[in-house]
Amino acid sequence: MTARRPCPPALGPLEDYAARFDDLFFSLAQRRGFREYLTGLLAPRERNKTITCLAGAEPVAGAGMPGVQRLQFFLSESPWEANQVNDRRLDLLREQHAAAPHEGGVIVIDDSGDRKDGTATAHVGRQWPGRLGKTDNGIVTVTTVWTDGRVYYPLRATPYTPAHHFARGRSDPAFRTKPQPAAALAALAARGKEAGFGCRAVVADCAYSVSDDWYLALREAGLPYVVALKPHRGTWARADQPHTPIAAAHALTWRDAKHPGDWTPVERHFRDGHTETWWAADARLGGYSPDSPCRLVVATIDPASLPEKATWYLDTNLPHPHAPHAATSAHPAADLAEIVRLYGLRPWIEQSYKQVKDELGWADFQVRSARAIRRHQTLVNCAFSFCWDQWFAPPGPLDATAPDPCPDQRPERGPRPTPPAPTALLAQGLTGHTFLAHPRRHPQPVVASLDGQGPTLRAPGPDRRGHHRTRH
């Protein structure tokens, strides 16, 4: 068999990471394209990370440059499988001791949207991109993230396809509502659990609690879940009993902190070190009760007023420790503190959105096909995982002798003050001259812009991407 031609390496730790994917690419051009694409995603830039930006070329005028065309072909036409690349990325995370998944974490499912022009691009249409807070032309992707509050990283992503892309619209057999891709990801989560991506529960906000397909997929997959409910969503019950989650919460007895009645204090611990005392209780509503297979857990900072933005109404199939079926349940029992802890991890998916979008160019693609969009998203997730790979890696020596790969390139936005030279793995210095910052010159600090000067000091806040969802 003919030996493979060597690929020009990406300098520093990026080459070690990229080399682990080489057997998934069939040609030298593919291996080189993979390295160049990740290099461009990780590089600091002052404009959107379109393909011209990733190749270090001028917008529009540089679209015909060989480097730009090479990346465009790699993303749109080259025969490689995004699913295989994503599976390898997850394998590497599982093998990384510090980032490996375990049974104490959760898999968070959510969707996120961004504005996109036109109607010919796959998955783009008039819909609700939550980031904009209004109906607009855009693309929405359902994603899953694994997190334990210490590390967090994307697992898989499935773009939602609006009805107008199908010949018969919503009546077309191939059309799927947004919760249905999420249900498919839940099934993948079950297979991922068998493959080593264990979790304590699948967590989602109230947008998914209205879908029967969602619950059915979770139950068929045998997954535990903690899903938020809309506080005013009604259910069947006797006339003299509560009919909504918020009414069930008001039916619980409470006097004050010294006489809590039905409520139990729960200490919430945040990453910046501070703690808050919340109150939680098992409520009764329709078929929900502490002894039933499904529980309604209410958690709030103030049981007297149940403030809208600091109260959660949670549906879970994790059994109560004292329930009759706790010993025979397929899922370990969970007390109130555990339920609150699990749902408290959900906002970490918002933190991942900030980084893949604001730093890694998740929505900056300029391709039309569904395959190219999925490939771009997979490569962005690879760049995200590379940052964790380097965060946990021991510091190494800097390569100060590497030549500038583009010495004649003009400044992208004019002269800039020269930042200090990099002094550590996560240094502040990004470039030593006024030309376009290139990660191959100083590969070590490329992850600094993703994580700032260290780990996030406080837990991410509540979902602020739209007003169509109930705050909790």
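What you see is a predicted model; the values in this text were computed from it and never measured.

About the criteria used
- Residues numbered from 1 in each chain as written.
- Predicted model: local features only at pLDDT ≥ 70, side-chain atom pairs only at ≥ 80, totals over all residues.
- Heavy atoms only, no water.
- Helix = DSSP H or I, 4+ residues; strand = E, 2+ residues; numbered from the N terminus.
- Expected span 1.5 Å × (residues − 1).
- Buried < 20%, exposed > 50% of the residue type's maximum accessible area, 1.4 Å probe, protein only.
- Salt bridge = Lys/Arg side-chain N within 4 Å of Asp/Glu carboxyl O.
- Polar contact = N/O pair within 3.5 Å; in protein donor to acceptor, adjacent residues only side chain to side chain.
- Contact = heavy atoms within 4.5 Å.
- Core = buried A, V, L, I, M, F, W, Y, C linked by side-chain atoms within 4.5 Å.
- Axes fitted to C-alpha atoms, helices over the stretch in contact; angles between N-to-C directions.
- Parallel < 35°, antiparallel > 145°, perpendicular 65-115°, else oblique.
- Nonpolar A, V, L, I, M, F, W, Y, C, P; charged D, E, K, R; others polar.
- Left-handed = near helix turned anticlockwise from the far one by under 90°.
- 1 Å grid on protein atoms, 1.4 Å probe; cavity = no way out; pocket = protein on both sides within 12 Å on 5 of 7 lines; lining within 4 Å.
- Points joined across faces, edges and corners; volume = space filled by probe spheres on them.
- Pairing = 2+ DSSP bridges.
- Phe/Tyr/Trp six-rings, centres within 6.5 Å; stacked < 30°, edge-to-face > 60°.
- Lys NZ or Arg CZ within 6 Å of the ring centre and 35° of its normal.

Enquirer: Would you mind going over helix H11 (residues 370-391) with me for this structure?
Expert: Residue pairs spaced three or four apart in an α-helix point in one direction, given the helix's 3.6 residues per turn. Taking 1.5 Å per residue as the helical rise, H11 with its 22 residues ought to reach 32 Å, and the 32 Å between its terminal C-alpha atoms agrees with that figure. Burial of H11 is extensive: 18 of the 22 residues sit out of reach of the surface.

Enquirer: Just checking my understanding: could you explain the pattern of salt bridges for this structure?
Expert: Per the stated rule, a full pass over the model turns up 16 salt bridges. For the salt bridge of Glu-338 with Arg-200, the shortest nitrogen-to-oxygen distance reads 3.1 Å. Here Glu-338 is found in helix H9 (residues 336-343), whereas its partner Arg-200 is found in the loop between helix H6 (179-194) and strand E5 (201-204), with 138 residues between them in sequence. Both residues of the pair, Glu-338 and Arg-200, belong to the buried class. Overlapping salt bridges, with partners in common, bring together Glu-15, Asp-22 and Arg-35 in one network.

Enquirer: I'm lost on the side chain of Asp-282 in this one. Help?
Expert: If you trace the backbone, Asp-282 turns up in strand E8 (residues 275-283). Polar contacts involving the side chain of Asp-282 include one to the side chain of Arg-295, which spans 3.0 Å. Those residues in contact with Asp-282 that sit more than four places away from it in its chain are Leu-252, Pro-290, Arg-295, Leu-296, Val-297, His-320 and Leu-336.

Enquirer: I would appreciate a short explanation of the environment of Phe-384 in the present structure.
Expert: Mapped onto the secondary structure, Phe-384 falls in helix H11. Owing to a relative accessible area of 3%, Phe-384 belongs among the buried residues under this scheme. When the C-alpha positions of Phe-384 and Tyr-152 are compared, they lie 10.0 Å apart, and in sequence the two are 232 residues distant. Sequence-distant contacts of Phe-384, defined by excluding residues within four places in its chain, comprise Tyr-152, Tyr-153, Pro-154, Ser-352, Gln-355, Val-356 and Leu-360.

Enquirer: I'm lost on helix H2 (residues 28-42) in this one. Help?
Expert: For H2, which comprises 15 residues, the first-to-last C-alpha distance of 21 Å matches the rise-based estimate of 21 Å (1.5 Å per residue) to within 8%. Of all 15 residues in H2, 13 are buried, a share of seventy percent or more.

Enquirer: Please clarify how the nonpolar core should be interpreted in this entry.
Expert: Nonpolar side chains in soluble globular proteins tend to end up buried together. Ranked by internal contacts, the top residues of the largest apolar core, which has 81 residues, are Phe-21, Phe-34, Tyr-153 and Val-226. Of all the elements, H11 adds the most residues to this core, at ten residues. Excluding anything up to four places from it in sequence, Phe-34 contacts Ala-18, Phe-21, Phe-25, Phe-74, Val-85, Leu-379 and Cys-382. Among the nonpolar cores identified, the runner-up in size contains 29 residues, and Tyr-225, Trp-263, Tyr-288 and Leu-296 belong to it.

Enquirer: Teacher, can you tell me more about the packing of helix H4 (residues 66-76) against H11 here?
Expert: In a pair of packed helices, the angle between the axes and the distance between the axes together describe the arrangement. In the contact formed by H4 and H11, the axes pass within 8 Å of each other and the chain directions differ by 105°. Taken together, the axes of H4 and H11 are roughly perpendicular relative to one another. Residues Phe-74, Leu-75 and Ser-76 of H4 lie in contact with H11, whose contacting residues are Arg-371, Ala-372, Arg-375, His-376 and Leu-379. A breakdown of the residues in the contact of H4 with H11 according to their chemical character gives four nonpolar, two polar and two charged.

Enquirer: When you look at the environment of Thr-264 in this model, what are you seeing that I'm missing?
Expert: In this fold, Thr-264 is placed in strand E7 (residues 264-269). Put simply, Thr-264 and Ala-281 are 17 residues apart on the chain and 6.2 Å apart in space, counted from C-alpha to C-alpha. Among all residues touching Thr-264, those that are not within four sequence positions of it are Trp-278, Trp-279, Ala-280 and Leu-336.

Enquirer: Would you mind going over the packing of H2 against H11 with me for this structure?
Expert: Direction vectors running N to C along H2 and H11 enclose 70°, while the axes themselves pass 10 Å from each other. The orientation of H2 with respect to H11, classified from their angle, is roughly perpendicular. When the axes of H2 and H11 are compared, the crossing they make is right-handed. Between H2, through Phe-34, Tyr-37, Leu-38, Leu-41 and Leu-42, and H11, the contact on the second element is made entirely by His-376, Leu-379, Val-380, Cys-382, Ala-383, Phe-386 and Cys-387. Partitioned by chemical class, the residues of the contact of H2 with H11 number eleven nonpolar, one polar and no charged.

Enquirer: Whenever I open this one, empty space enclosed by the protein confuses me. Can you help?
Expert: Over the atoms, a rolled probe matching the size of one water molecule traces out where space is still vacant. Taken as a whole and assessed by the stated rule, the structure comprises seven cavities of 30 Å³ or more. The calculated volume of the second largest cavity comes to roughly 100 Å³. Lining of the second largest cavity is provided by 14 residues; of these, Thr-143, Pro-154, Tyr-353, Val-356 and Trp-362 occupy positions nearest its centre. Every element with two or more residues in the lining of the second largest cavity is listed here: strand E3 (136-147), strand E4 (152-159) and helix H10 (348-358). Its residues assigned to classes, the lining of the second largest cavity comprises six nonpolar, six polar and two charged.

Enquirer: Which parts of the structure should I look at to understand the pairing of E8?
Expert: Pairing between E7 and E8: six bridges, direction antiparallel. Counterpart to Val-266 in the pairing with E8 is Trp-278. As defined by bridge partners, E8 adjoins strand E9 (residues 295-300) across five bridges and the pair is classed as antiparallel. Its bridge partner being in E9, Trp-279 is matched across the sheet by Thr-300.

Enquirer: Would you explain the side chain of Ser-352 in this entry?
Expert: Relative to the elements of secondary structure, Ser-352 occurs in helix H10. The exposure class of Ser-352 is buried, given its relative accessible area of 3%. The residues contacting Ser-352, other than those within four sequence positions of it, are Val-145, Tyr-152 and Phe-384.

Enquirer: Explain the packing of aromatic side chains here, please?
Expert: Geometry of an aromatic ring pair is reported as the spacing of the ring centres plus the angle between the planes. Throughout the structure, instances matching the rule amount to 17 aromatic pairs. Aromatic pair Trp-146 and Tyr-153: ring centres 5.8 Å apart, planes at 20°, arrangement stacked. In this structure Trp-146 comes out as buried when scored by relative accessible area, which is 0%. Centre to centre, the rings of Tyr-152 and Trp-388 are 5.5 Å apart; their planes meet at 90°, and the pair counts as edge-to-face. A residue pair is termed long-range when its members are at least 10 positions apart, and Tyr-152 in strand E4 and Trp-388 in helix H11 qualify at 236 residues. Residues Tyr-152 and Trp-388 agree in their burial class; the two are buried. Put simply, the rings of Tyr-17, Phe-21, Phe-25, Phe-34, Tyr-37, Phe-74, Trp-80 and Phe-386 touch in pairs and so form one group of aromatic residues. For Lys-116, the ring lying beneath its charged end belongs to Phe-365, and the centroid distance is 4.0 Å. Between Arg-268 and the ring centre of Trp-278, over which it is positioned, the NZ or CZ distance is 4.8 Å.

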